[in-house]
Amino acid sequence: AESFGTIVAEVAHVRVSPEGRLKVLHVYAAVDCGDVVNVDAATAQVEGGIVFALSATLLGEITIEGGRVVQKNFRDHQMIHIADAPQVTVAFVRSDAHLGGLGEPCVPTLAPAVANAIYAATKVRVRTLPIGKQPLRA
């Protein structure tokens, strides 16, 4: 995907238990954002975008009751915990592209990568988010 002038590709490695419990084990990201000056800071931005996207993909849900949003703040909006965070491997593509963004461009490709990995593991197609509420057994 292209976002904020950066091209990102992601692959997810997942495990689905016989009971249908999902664990995202590893996310691999290839990022072309132009010249990378500080690799550690750039990697941290990619990792943060992936963990944010994983929270949205697995748990992110906004519910409405009585015409109002139920979730008011972080206390009642779930996010993944550090123990649930996958290992992340980032590879920066060397190119002459103009400088692009880093955190946000890693968000749109995560849900499709996880959904495709689930299909490869179970032959169950995920068609709605959050994935955490989907039955993952055939």
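Residues numbered from 1 in each chain as written. Predicted model: local features only at pLDDT ≥ 70, side-chain atom pairs only at ≥ 80, totals over all residues. Heavy atoms only, no water.

**Thoughts on the environment of alanine 44**
No. 1: Relative to the helices and strands, alanine 44 resides in helix 1 (residues 39-58).
No. 2: With relative accessibility at 41%, the residue alanine 44 sits in the partly exposed group. (Helix = DSSP H or I, 4+ residues; strand = E, 2+ residues; numbered from the N terminus. Buried < 20%, exposed > 50% of the residue type's maximum accessible area, 1.4 Å probe, protein only.)

**Brief notes about the environment of serine 55**
No. 1: Summarising the element assignment, serine 55 is placed in helix 1.
No. 2: Spatially, the C-alpha atom of serine 55 lies 9.9 Å from that of histidine 77, the residues being 22 residues apart in sequence.

**Remarks on the pattern of salt bridges**
No. 1: One pass over the structure, following the stated rule, counts one salt bridge.
No. 2: One salt bridge connects glutamate 19 with arginine 21, and the closest N-O pair in it is separated by 3.4 Å.
No. 3: Exposure remark for glutamate 19: the relative accessible area of 46% places this residue in the partly exposed category. (Salt bridge = Lys/Arg side-chain N within 4 Å of Asp/Glu carboxyl O.)

**A word on the sheet that holds strand 6 (residues 87-92)**
No. 1: Reading across the sheet, the four strands line up as 1-2-3-6 and stay open at both edges, with mixed pairing between neighbours. One side of each edge strand has no neighbouring strand; the edge strands of this open sheet are strand 1 (2-3) and strand 6.
No. 2: Note that strand 1 and strand 2 (residues 6-16) share two bridges and pair antiparallel. Across the sheet, glutamate 2 pairs through a bridge with isoleucine 7, a residue of strand 2.
No. 3: Of the strands in this sheet, strand 2, strand 3 (22-32) and strand 6 are in contact with helix 1, which crosses strand 6 at around 130 degrees. (Pairing = 2+ DSSP bridges. Contact = heavy atoms within 4.5 Å. Axes fitted to C-alpha atoms, helices over the stretch in contact; angles between N-to-C directions.)

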